[in-house]
Amino acid sequence: MGQERVRLYVKGLMLGFKRSKSDQYNHTSLIQLQDVNSKDEVDFYLGKKLAYIYKAKTKKMGSNYRCIWGKVTRAHGNSGVVRAKFRKNLPAKAMGSKVRCMLYPSRV
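Residues numbered from 1 in each chain as written. Predicted model: local features only at pLDDT ≥ 70, side-chain atom pairs only at ≥ 80, totals over all residues. Heavy atoms only, no water.

Attention now goes to the pairing of strand S5 (residues 81-86). Where burial is concerned, most of S5 is hidden: five out of the six residues are buried. Bridge count for strand S2 (residues 24-33) against S5 is four bridges, and the pairing is antiparallel. Among the inter-strand pairings, Ile31 is bridged to a residue of S5, identified as Val82. The sheet contact formed by strand S4 (residues 63-76) and S5 spans six bridges and is antiparallel. Looking across to S5, one finds that His76 is bridged to Val81. (Buried < 20%, exposed > 50% of the residue type's maximum accessible area, 1.4 Å probe, protein only. Helix = DSSP H or I, 4+ residues; strand = E, 2+ residues; numbered from the N terminus. Pairing = 2+ DSSP bridges.)

Printed below as a string of structure tokens:
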């Protein structure tokens, strides 16, 4: 009789940073969201909050987990990748790691 858990976010993957041939722009991260495969599907996620959650060695406020918040700013290319800006630039060790895309704020 257990209740089924409801996930209020979409899983995402941090691919890397926006870049050109020779330069890298650390203030803009590239995120691949689960089941988002086209530019049209990105429209729903524009403005949504992102959370990069990581584990640190020392406790702060009773927890070893920390979070860097950001938001989806626009699409990147035609394959469903999005550009995102975080309050503090994501560290290089975040490449390939998981990001949560919260389903708020709503624009509906």
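From this point, things continue past the structure.
Now for the pattern of salt bridges. Scanning all chains against the criterion turns up one salt bridge. Across the salt bridge formed by Asp43 and Arg107, the nearest N and O atoms sit 3.6 Å from each other. Here Asp43 is found in the loop between helix H1 (39-42) and strand S3 (49-60), whereas its partner Arg107 is found in the segment after strand S6 (98-102), with 64 residues between them in sequence. Residue Arg107 is classed as exposed on the basis of its relative accessible area of 52%. (Salt bridge = Lys/Arg side-chain N within 4 Å of Asp/Glu carboxyl O.)

This next bit is on the sheet that holds S5. Taken in spatial order, the six strands of this closed barrel run S1-S2-S5-S4-S3-S6, and their pairing is antiparallel. Strand-to-strand twist in this sheet, taken as the mean axis angle between neighbours without regard to direction, amounts to 45 degrees. (Axes fitted to C-alpha atoms, helices over the stretch in contact; angles between N-to-C directions.)

Here the focus is a nonpolar patch on the surface. Together, Phe44, Leu103 and Val108 make up a nonpolar patch on the protein surface, roughly 330 Å² of accessible area in all. By the element assignment, Phe44 lies in the loop between H1 and S3. (Patch = residues over 30% accessible without salt bridge, like charges linked within 9 Å, V, L, I, M, F, W, Y side chains within 5 Å. Areas by Shrake-Rupley, 256 points an atom, 1.4 Å probe, with all protein chains shown as cover.)

One number sums up the size of the largest pocket: a volume of about 160 Å³. Around the largest pocket sit Tyr9, Lys11, Gly12, Ala51, Ile53, Lys98, Val99 and Arg100, which together line it. Of all the elements in the fold, those that place two or more residues in the lining of the largest pocket are strand S1 (9-19), S3 and S6. Partitioning the lining of the largest pocket into residue classes produces four nonpolar, one polar and three charged. (1 Å grid on protein atoms, 1.4 Å probe; cavity = no way out; pocket = protein on both sides within 12 Å on 5 of 7 lines; lining within 4 Å. Points joined across faces, edges and corners; volume = space filled by probe spheres on them. Nonpolar A, V, L, I, M, F, W, Y, C, P; charged D, E, K, R; others polar.)

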